[in-house]
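Architecture and fold: a report
Given next are the chains, with one letter for each unit.
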4 protein chains.
Amino acid sequence: MSWMFERLRLSVFGESHGKAIGAVIEGLPAGEAVDLEAIKCCMERRKGKSAAVSTTRGESDEVEILSGLYRGKTTGTPLALQIVNRTQRSEDYDLTVFRPSHADYTAQIRYGGNADMRGGGHFSGRLTAPLVAAGAIAKQILGRRAIEVEAFVSSVGAVKGLTYESVSDPTEIAARRTEVVGALDDESAMLAVIRAAREQGDSVGGTVDCVAAGLPAGYGDPLWYGVESRLAAMLFGIPAVKGVEFGRGFGLAEMRGSEANDPFALREGRVVTTSNRSGGINGGITNGMPLTFRTAFRPTPTIFVPQKTVTAEGRETEYSVKGRHDGCIVPRAAVVVECAAALILLDLAERYR
Amino acid sequence: MSWMFERLRLSVFGESHGKAIGAVIEGLPAGEAVDLEAIKCCMERRKGKSAAVSTTRGESDEVEILSGLYRGKTTGTPLALQIVNRTQRSEDYDLTVFRPSHADYTAQIRYGGNADMRGGGHFSGRLTAPLVAAGAIAKQILGRRAIEVEAFVSSVGAVKGLTYESVSDPTEIAARRTEVVGALDDESAMLAVIRAAREQGDSVGGTVDCVAAGLPAGYGDPLWYGVESRLAAMLFGIPAVKGVEFGRGFGLAEMRGSEANDPFALREGRVVTTSNRSGGINGGITNGMPLTFRTAFRPTPTIFVPQKTVTAEGRETEYSVKGRHDGCIVPRAAVVVECAAALILLDLAERYR
Amino acid sequence: MSWMFERLRLSVFGESHGKAIGAVIEGLPAGEAVDLEAIKCCMERRKGKSAAVSTTRGESDEVEILSGLYRGKTTGTPLALQIVNRTQRSEDYDLTVFRPSHADYTAQIRYGGNADMRGGGHFSGRLTAPLVAAGAIAKQILGRRAIEVEAFVSSVGAVKGLTYESVSDPTEIAARRTEVVGALDDESAMLAVIRAAREQGDSVGGTVDCVAAGLPAGYGDPLWYGVESRLAAMLFGIPAVKGVEFGRGFGLAEMRGSEANDPFALREGRVVTTSNRSGGINGGITNGMPLTFRTAFRPTPTIFVPQKTVTAEGRETEYSVKGRHDGCIVPRAAVVVECAAALILLDLAERYR
Amino acid sequence: MSWMFERLRLSVFGESHGKAIGAVIEGLPAGEAVDLEAIKCCMERRKGKSAAVSTTRGESDEVEILSGLYRGKTTGTPLALQIVNRTQRSEDYDLTVFRPSHADYTAQIRYGGNADMRGGGHFSGRLTAPLVAAGAIAKQILGRRAIEVEAFVSSVGAVKGLTYESVSDPTEIAARRTEVVGALDDESAMLAVIRAAREQGDSVGGTVDCVAAGLPAGYGDPLWYGVESRLAAMLFGIPAVKGVEFGRGFGLAEMRGSEANDPFALREGRVVTTSNRSGGINGGITNGMPLTFRTAFRPTPTIFVPQKTVTAEGRETEYSVKGRHDGCIVPRAAVVVECAAALILLDLAERYR
């Protein structure tokens, strides 16, 4: 699953309740030190930090590197990593109802009923774990080239927080990210929204903002090899993402050209723009300003509220979920966006250096 | 430039003032009749219908098919088409200033000053002409399989029109699209916004909504081969697109799960959803409901208002554009979105049939 | 590493002395039963059957499927498999001399000395184990569609055995393959050549013939999507392969057209050719006759004979290998060719059905 | 049709009697001067030099560059080139018999009778004209980086000439290539074989040897990104190629390791091998020695000798070709091999620099 890359290739495998999930990354540069603690740190961010926000299933999420690493450094040949599912359910599972807005129905049609859909199977948010592990390696390599990428929660439901329009320095973002939600500034209103949804057996969506700084001007190509196309293809591959915008994005559609254009200026002999409504990209190519983009996450479709649906046998019914459930996946999704983006940025950095 | 396809491959070539622009499409099914009048009709929509909206450069935009067509039908081998640039400027062109939010600066860095940037070169909106020609062929083939795709203008600047949330039947869209702007319903307010911008030497952005109906359930794959990833990669390759959303898109981020989920029901024995906030896609796979998505177009950066910028020699300056200019490209962009989407949909239809 | 496929994608990872080697196969059809015994049988053929021919390192080569298999059938989502290296050497390894015709020197340059070259690392013939496991699955699926593929040893050193020119029925090949060498008919002369080489601390090369029957006419495309291009790209990826030919191959270069052409005829209403010098392919497309091709394997470069070479520090030296060594890898390579080919054939069968 | 590249992408279009044939090359480096005379020179070599060898159809084969070239240099954006077919036959063509060992039958099945098969259509050797034009550009760029690639005829029928085993310096090859056949040394015996075949209405095959020098060590990757896989995929895409071998190729299969291994040595501080039986590649990666490979061309299947075959309506028949015919395409094929290889080598040079 690596069509949006030019130099890397990524294969993510596994099911929510299978033996193991994992990833193979081909095309990594050789000789790059891999800091396992830094990977672990990203994995912890993905797990989420509070029972108020998410119910983890008690996985240790230990990342085991099977190949491509020698004496602590990348070898240049494929790096395979796996995460053993410790709480896999061994019992069989029979799909009885198509849960609304889940992939139960579409997977049924696509795979003729053969997919392992226990816990969401290959469609589960659990598949973002190997993605984060792979991206955490990319982030380290980028960091050594002074390319930083950081994401944060910019809204939960109707509660808007700070966005990359006001904070676009990755270092500052990393420093200011709040403990539980991962927003900038105050997170109390967002937390309240999440708690209220959970208490009512409901869920709530939100947005994740991402900023990458340190990319030189001149990465990318016009038309379909543009940086926006590559990043969007990656970001829409994250489960629950339903919108992506760059710079002022949909806001640009409401502007006039005189408001939207970013004037060029010189700062210490370097060409810069004095605003960054284009999100660091002109004509598909980086212009040296921070890359800024936002992704919209739908509320997780797993809710305890009774819902109308159809059974696998083709009968209308009403059903209610029982069991574990995330009130809001957005706090856990920020690091996923960040790591997904890091893989594309490393690909660009390798391709255009 | 064909990485987002599995079965088709598309190569778009040319510069705004070069000899010709064109496209090569590989992987088209054999034996499909090609209606040259239908291609012409799409080309006319792209040219735009009124001086109030756009100043065309007087190109006939005649599409010449060089290969892959025999006795009026596709052969199954590569179809090449070209559009000769009749008003090409033969004189040389020296880049003197980096026009704000154009690709002048990024192309300079990327191609070391070798790109032919006359009239925007390979970055020009003119390159959407061969894309439309290629997509118009895809649209015809899809039509024969009862897959219809239609796009329309849903907003211009701050003026909102009808969206796919109220009209999601492609046939109705085609019938209701207004003459000049290509909106649904009344276009007078949108026209007024465009005229006002033009009169002030300014431009204005907008959004294009697109609906595809007739796709069976079960097209696509989870994660990075999802339909959203493929379409987004294509759509962000269209010059000036800065945002893409599916279904309720960014609106979903503000909802609760109980508001966002689409209940399943049975209609004449067929599984449907009674709402379509997911835009016809669950887990990256089509669910049989209409595919709905929206693209945000920035205002064209070519404006007559004086702007601060930097010269190619590295000096700050103020400059004003002279010459031809589109007040709003959005009315011309709808058919581009439609044809771009048609290529992805044909690829899906070929891949999953 | 999957560029020669249209529908499948294959990622092979691991090093000879790393934790595990394995493969991820994407794009397998859903609902296909996987017979683990049949995989094991191919793995045993790869291990080789006699101390006269090869010294195995005592690996059990147990194939563990981590994902993509549910209730004994493929799910349609990525199938990951791993083989744990039980005899991995934990100690570090310092490259001291560039062994002639091994990849020591080229890997040193390519990966800047970071590759894990213990036991040949990612370049080792050991990497064919996951390839065989993956191909064994493909073979099963093909078998259900009446597509059979079998390979055998057609020569060892200067000793020529039967070739596909005399036996081109896969079922007959499987039945007649000799126990140790895997040739057709008598293997004693080949065995003698291998033994003689081993006794002198030397090695010997050979050829592997492969036949696939049951492919319908009409698979493939002209020029660079031709069946020969796809298969050759796969086959030259097998370590030690230095030549590939289809049908009469290099022999055709010596013929006249009147000798080389395969006349068409009708047999029970079906178009056939009365000879098969083209190896079942015309213009890159299958013609319904058995696919026949041959691969040349160089002698393994690991020999005990003293050789001149250069040290990693850049000094000329003479060196002798000690330790384990295969006198001839060709008997073990036949199943590798067969399984590699099966992956390409399954890709074709999925692509063109 | 560009799957064997990492940086370039190549699309070759057209039919033998369509309006035009051509190619689009994406990913060329920017700022490279394009010498149209050098392209013409390669086109002339492809046309062939003597009526004794080939009957050209009187095409001027003028290469027109439509895009991607500005002020005599590559722009870095897609370069499109076309060759107008001046002697195209406008009349319709009805396939009546399946000519033996042509693609008539396989194309019929593959494309359901829709392919334009006039003069061989997209399967025609004429499609090598745009390949040569594209490769001639690649050759120029490589030349500036001191990478030279030259091909020559090493055998015609049973007549063997010099091979790369005796001459492996591209400059010397270019200087020694004979006028009509393009062999090294004396061509009279080869010419006699070709003349004899022609006089009897027959054709004859042969082999083309190719040498590339100047490639640094360290280009390529193990397994399926190896240089042999990439080159073989390209070479088998050339019509009539049925075998490819690298270095001593099939000859290696007959050797012992002690005969086959290339000892390393130092020459002026540089690591070299004192023989080059591996053809410049170890483990899929260039070792800095000349790349040597050979391709086997079958005799052209167009012969005047009566042949048994089947009609499109499904009746057995005997038929004889009338009209134009090449006695031996090998002399014209050498430049095709050379240009095809140059495209892969440029891709490597861009990818690994």
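Residues numbered from 1 in each chain as written. Chains lettered and ligands numbered in written order. Predicted model: local features only at pLDDT ≥ 70, side-chain atom pairs only at ≥ 80, totals over all residues. Heavy atoms only, no water.

**Digging into the UniProt feature "binding site: NADP(+)" (unreviewed entry) in chain A**
Residues and elements named next belong to chain A. In the numbering used here, UniProt assigns the "binding site: NADP(+)" (unreviewed entry) feature to Arg-46. In this structure, Arg-46 sits in helix 1 (residues 36-47). For Arg-46, a relative accessible area of 5% gives the class buried. If we skip the residues at most four places from it in the chain, Arg-46 touches Asp-61, Gly-125, Arg-126, Thr-128, Ala-129, Val-132, Arg-332, Val-335 and Val-336. (UniProt positions renumbered as here; feature names shortened; annotations may be inferred. Helix = DSSP H or I, 4+ residues; strand = E, 2+ residues; numbered from the N terminus. Buried < 20%, exposed > 50% of the residue type's maximum accessible area, 1.4 Å probe, protein only. Contact = heavy atoms within 4.5 Å.)

**Some thoughts on the UniProt feature "binding site: FMN" (unreviewed entry) in chain A**
Following the UniProt record, the feature "binding site: FMN" (unreviewed entry) maps to A:His122, A:Phe123, A:Ser124, A:Gly283 and A:Arg324 here. Relative to the helices and strands, A:Ser124 is located in the loop between helix 2 (104-111) and helix 3 (128-144). Judged by relative accessible area, A:Ser124 falls into the buried class, the value being 10%. Residues in contact with A:Ser124, not counting those within four places in the same chain, are A:Ser16, A:Gly119 and A:Pro239. Counting through the fold element by element, A:Gly283 comes out in the loop between strand 13 (281-282) and strand 14 (285-286). Not counting chain neighbours up to four residues away, the residues in contact with A:Gly283 comprise A:Asp221, A:Pro222, B:Ala103 and B:Phe123.

**Let's talk about the packing of aromatic side chains**
The description of two aromatic rings rests on the distance between their centres and on the angle between their planes. Summed over all chains, the structure comprises 36 aromatic pairs over all chains. Site record: aromatic cluster; members linked through ring pairs are A:Trp3, A:Tyr225, B:Trp3 and B:Tyr225. The cationic tip of C:Arg351 hangs over the ring face of C:Tyr352; the distance from NZ or CZ to the ring centre is 4.3 Å. (Phe/Tyr/Trp six-rings, centres within 6.5 Å; stacked < 30°, edge-to-face > 60°. Lys NZ or Arg CZ within 6 Å of the ring centre and 35° of its normal.)

**Things to note about the environment of C:Asn287**
Positionally, C:Asn287 belongs in the loop between strand 14 (285-286) and strand 15 (291-297). Between the C-alpha atoms of C:Asn287 and C:Thr273, which are 14 residues apart in sequence, the distance is 8.6 Å. The residues touching C:Asn287, leaving out its near neighbours within four places in the chain, are C:Ala217, C:Thr273, C:Gly280, C:Ile281, C:Asn282, D:Tyr105 and D:Thr106. At a separation of 3.1 Å, a polar atom in the side chain of C:Asn287 contacts the side chain of C:Asn282. (Polar contact = N/O pair within 3.5 Å; in protein donor to acceptor, adjacent residues only side chain to side chain.)

**Overview of the interface of chain C and chain D**
Every contact between the two is made by 100 residues of chain C and, on the other side, 100 residues of chain D. With both sides pooled, the region where chain C packs onto chain D buries about 8000 Å², and carbon together with sulfur makes up 63% of that total. For the chain C face of the interface with chain D, the top three residues by lost area are C:Trp3, C:Trp224 and C:Lys242, together amounting to 13%. Seen at the junction of chain C and chain D, the total is 10 salt bridges. (Buried area = accessible area lost by both parts, 1.4 Å probe. Salt bridge = Lys/Arg side-chain N within 4 Å of Asp/Glu carboxyl O.)

**Description of the confidence of the model for chain A**
When pLDDT is low, close inspection of the predicted coordinates is not appropriate. Put simply, chain A has an average pLDDT of 94, and 94% of its residues get 70 or more. As scored by the predictor, the complex reaches a pTM of 0.97 and an ipTM of 0.97. (pLDDT = per-residue confidence, 0-100.)

**Concerning the sheet that holds strand 8 (residues 159-160) of chain A**
Strand-to-strand pairing in sheets goes through backbone hydrogen bonds, with the strands running parallel or antiparallel. Here 10 strands make up an open sheet; going across it, the order is 8(A)-7(A)-9(A)-15(A)-10(A)-10(B)-15(B)-9(B)-7(B)-8(B) and the pairing antiparallel. Since the sheet does not close on itself, it has two edges, and those belong to strand 8 of chain A together with strand 8 (159-160) of chain B, each with one partner. Pairing geometry for strand 7 (residues 148-156) of chain B and strand 8 of chain B, over 2 bridges, is antiparallel. In the sheet register, B:Val156 faces strand 8 of chain B, and the bridge partner there is B:Val159. (Pairing = 2+ DSSP bridges.)

**Topic: the state of the cysteines**
Applying the stated criterion across every chain yields a total of 0 disulfides over all chains. Here A:Cys339 is not disulfide-linked; the sulfur of A:Cys42 is the nearest cysteine sulfur, at 4.2 Å. A disulfide-free cysteine, B:Cys41 has its sulfur positioned 5.5 Å from the sulfur of B:Cys42, the nearest such atom. The exposure class assigned to B:Cys41 is partly exposed, which follows from its relative accessible area of 45%. (Disulfide = S-S within 2.5 Å.)

**What about the side chain of C:Ser101?**
By the secondary structure assignment, C:Ser101 is in the loop between strand 6 (79-84) and helix 2 (104-111). Here the side chain of C:Ser101 touches D:Asp262 through a polar contact of 2.9 Å, landing on its backbone nitrogen. Those residues within four positions of C:Ser101 in sequence are excluded, and the remaining contacts are C:Arg298, C:Pro301, D:Ala260, D:Asn261, D:Asp262, D:Phe264, D:Ser278 and D:Asn282.

**Some details on the relation of the copies chain A and chain B**
When chain A is fitted onto chain B, the two copies agree to an RMSD of 0.0 Å after a turn of 180 degrees and an axial shift of 0.0 Å. Given the turn and translation reported, the copies of this chain are related as if by a two-fold rotation axis. Counting the interface residues of chain A, we find that 100% of their copies in chain B are interface residues as well, pointing to one common contact surface. (Least-squares fit on C-alpha atoms with pLDDT ≥ 70 in both.)

**Here's the deal with the pattern of salt bridges**
What the rule picks out here adds up to 133 salt bridges over all chains. We note a salt bridge from A:Arg351 to A:Glu6, for which the minimum N-O separation is 3.1 Å. In this pair, A:Arg351 is assigned in helix 8 (residues 330-352) and A:Glu6 in the segment before strand 1 (9-13), connecting sequence segments 345 residues apart. The two residues A:Arg351 and A:Glu6 agree in class, both being buried. Its salt-bridge partner being D:Arg176, residue D:Asp185 comes within 3.3 Å of it at the nearest N-O pair. Judged by relative accessible area, which is 47%, D:Asp185 ranks as partly exposed. Given a relative accessible area of 29%, D:Arg176 falls into the partly exposed group. One network of salt bridges, with partners in common, ties together D:Arg7, D:Glu32, D:Arg144, D:Arg145, D:Glu350 and D:Arg353.

**A short note on the interface of chain A and chain B**
The figure often quoted for interface size is the accessible area lost as the parts come together. At the junction of the two partners, chain A supplies 100 residues and chain B supplies 100 residues. Overall, the association of chain A and chain B removes approximately 8000 Å² of surface from exposure, summing both partners, and the carbon and sulfur fraction of that is 63%. Where chain A packs against chain B, one counts 10 salt bridges. Of the charged contacts, one joins B:Arg110 and A:Asp221 as a salt bridge, the two residues approaching to 3.1 Å between their closest N and O atoms. Counting every contact that joins chain A to chain B gives 53 residue pairs in polar contact (both at pLDDT 80 or more). Class assignment for the residues of the side of chain A that touches chain B results in 51 nonpolar, 30 polar and 19 charged. Relative to strand 10 (residues 241-246) of chain B, strand 10 (residues 241-246) of chain A runs antiparallel, the two being bridged by 3 bridges. Its bridge partner being in strand 10 of chain B, A:Gly243 is matched across the sheet by B:Glu245. (Nonpolar A, V, L, I, M, F, W, Y, C, P; charged D, E, K, R; others polar.)

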